[in-house]
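Analysis of the macromolecular model
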Amino acid sequence: MSTTNKALLDRRANAVPRGVATSTPVFADRAENAELWDVEGRRYIDFGGGIAVLNVGHRHPKVMAAVKTQLERFTHTAFQVSAYESYIELAEKLNARAPFTGPAKTIFFSTGGEATENAVKIARAATGRNGVIAFCGGFHGRTLLASAMTGKVLPYKAPFGTLPGQVYHLPFPDGQDVSVEDSLKMLGFLFASDIGPEQVAAIIIEPVQGEGGFRIAPTELLQQLRALCDQHGIKLIADEVQTGFARTGKLFGIEHSGVEPDLVSVAKSLGGGMPISGVIGRADLMDSVPPGGLGGTYAGAPLACAAALAVLDVIEEEKLVERANTMGKRFEDRITAWSSRKDLLPVSAPRGLGAMIAFDVLESHGSTEQRAGFAATVCAKACEKGLILLSCGVKGATIRLLTPLTASDALVDEGLDIIEQVLAELA
C-alpha cells in the first residue's frame, strides 16, 4: 500500500501518544549501511545511526546472516526456562574484553535503561547500601530509577511525580563553569550534608555524556572517583550504552582514561539493530545476587545474541576501532574549519572521542555562549536536504555525529557538505 510521510504523521497523531517524540517527519521504508529511504522513495544519509545503535550500519550482511540462521532454529525460549549457547558465547566474549582486570561475568537484558538499573541493583546487592550518585547532564534511561539517575528535569522527570529516592547529582565538569575540583568539592559537601559515603552503593558516570552534549569525563575526575570508591567501598559504574563498541576509538570509552570500573552497562550498538543490553561486571559482584533476582522474559533474546556475536566479529574484522579514529579526524577537520568562518552560522570547535563528535551552535563568532534550542533548527534544515542529524546538549544547542563506522569517506563527506550548506543558509 503506497502512502506518504504526511499521511503517516496524521495517523501517528491519532494513534500514538505525544510523549514519544520523533526527531524527523521521515518514515523509514528501507535502509542500507549509512543510507535510508523513506516511504516516498527519498534517500537520506544517516548521521544519527538510530541514536548510536548502528555502529556497524543498517543491515550489515554478517549481522543479517546471523539473525537469519538463528531465525530458522528458534526465536524464543526465555533464558530462564531453556538456555542457549549463543547467550553463553556472547557473555564469554564480553568477559574477555571487559575494561578491567580479573574475572568478569555478563548478564543480558533488552534496553539501556534495564542495563543501568540492573547495574545499580547489583551494586546494591554487593554492598548492602542504597545510595546512588550520578551527574548533571547525564542520561541513563527513561524507566523510573533510570530517570531518577538522569541529570535533566525536562523532559525526563517533570511529569512523573516522585521518583526513587537516595539518588544524588553532582555538577559535571564542562571545562568552563565547572572544574573537576568543583565537582569533587560538591561530592565532599554531599557526603557531609546528605548521605555518608558508607551509605552509597554506586557512582554512575558516562565516559562521554551522550544527551548531555558529548562532554568528555576528564581522566582526573575518573581517577579521583576510582580512588574514592576504593576508599569507601563504593562501586563505580561506567555507563557505556552510547559510548560502547568502537564509537569512541576504543571498544569502551572508559578505556581512554585507564580507569577500571566495577560494572559496565552496555546496549545500543551491541545488537547492530536488534534490542539487547547487558551488564559486564567483576565476577564476585555479579554473583552477589541470588538466583531469580535478575533477568527478564526477553532478556538476551536468541536473535539479539546472534546479532551481537556478529557485531563483535565485524568490529574486529573491519577494524572499526581504528575506523572510528580516522572518521573522527575527518569530522574534526571540517568542524574546526567551520568554527573559523564568518560566513557560516557561528559554531564551536569540535569535541568528543573517536567518531563520537559534536559541536555547539553559538550566539556569535568568537563567543562561547550557546544559542539555546537552535540545534533543532539545524537538524530540521539538514533533513530537508537529505541528512538525518541529531541534536543534544543541556541547552539544546549541540549537534552530534553518530555516523555508522562502516560509512564510506565519500558518504561522510557528502553528509558534511550538507551540514556546511545548512550553516551557510542559516548564517
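Read on for an overview of the structure. (Residues numbered from 1 in each chain as written. Predicted model: local features only at pLDDT ≥ 70, side-chain atom pairs only at ≥ 80, totals over all residues. Heavy atoms only, no water.)

Moving on to the pairing of strand 8 (residues 235-239). Consecutive side chains along a regular strand alternate between the two faces of the sheet. Across the 5 residues that make up strand 8, a large majority, 5, are buried. Along strand 8, one buried face is formed by K235, I237 and D239 and the opposite face, lined by L236 and A238, is buried too. Where strand 7 (residues 200-205) and strand 8 come together, 4 bridges link them in parallel fashion. Residue pairing for strand 8: I203 is matched across the bridge by L236. (Buried < 20%, exposed > 50% of the residue type's maximum accessible area, 1.4 Å probe, protein only. Helix = DSSP H or I, 4+ residues; strand = E, 2+ residues; numbered from the N terminus. Pairing = 2+ DSSP bridges.)

So, about the environment of G131. Looking at the element boundaries, G131 is found in strand 5 (residues 131-135). On a C-alpha basis, the gap between G131 and M186 in space is 16 Å, while along the polypeptide they are 55 residues apart. Here G131 is in contact with Q166, I195, Q199, V200, A201 and A202, once residues within four sequence places are set aside. (Contact = heavy atoms within 4.5 Å.)

Our next topic: the layout of surface pockets. Considered as a void within the structure, the second largest pocket measures approximately 570 Å³ in volume. Along the walls of the second largest pocket sit 26 residues, with D174, Q176, R215, R351 and Q370 positioned nearest its centre. Taken together, the residues that form the lining of the second largest pocket break down as 8 nonpolar, 11 polar and 7 charged. (1 Å grid on protein atoms, 1.4 Å probe; cavity = no way out; pocket = protein on both sides within 12 Å on 5 of 7 lines; lining within 4 Å. Points joined across faces, edges and corners; volume = space filled by probe spheres on them. Nonpolar A, V, L, I, M, F, W, Y, C, P; charged D, E, K, R; others polar.)

Applying the stated criterion to the full structure yields 26 salt bridges. A salt bridge links E414 to R43; the shortest N-O distance between them is 3.0 Å. Of this pair, E414 sits in helix 13 (residues 409-425) while R43 sits in strand 3 (residues 43-46), and the two are 371 residues apart along the sequence. For E414, a relative accessible area of 33% gives the class partly exposed. Between R282 and D262 there is a salt bridge, with the nearest N and O atoms lying 2.9 Å from each other. Highlighted residues: R282 in strand 10 (residues 277-282) and D262 in the loop between strand 8 and strand 9 (263-266), separated in sequence by 20 residues. Since its relative accessible area comes to 19%, R282 is described here as buried. It is possible to trace a salt-bridge network through shared partners that takes in R226, D230, E260, D262 and R282. (Salt bridge = Lys/Arg side-chain N within 4 Å of Asp/Glu carboxyl O.)

What follows deals with the sheet that holds strand 14 (residues 390-392). With antiparallel pairing, the 4 strands of this open sheet are ordered in space as 11-12-15-14. Edge strands, defined here as strands with exactly one partner in the open sheet, are strand 11 (351-353) and strand 14. Going across the sheet, the axis of each strand differs from the next one's by a mean of 25 degrees, ignoring polarity. By the bridge criterion, 3 bridges tie strand 11 to strand 12 (residues 356-360) in an arrangement that is antiparallel. Each bridged residue has a counterpart across the sheet, and for L353 the counterpart in strand 12 is M356. Lying on the sheet, helix 11 (residues 320-339) is in contact with strand 12 and strand 15 (398-401); it crosses strand 12 at an angle near 10 degrees. (Axes fitted to C-alpha atoms, helices over the stretch in contact; angles between N-to-C directions.)

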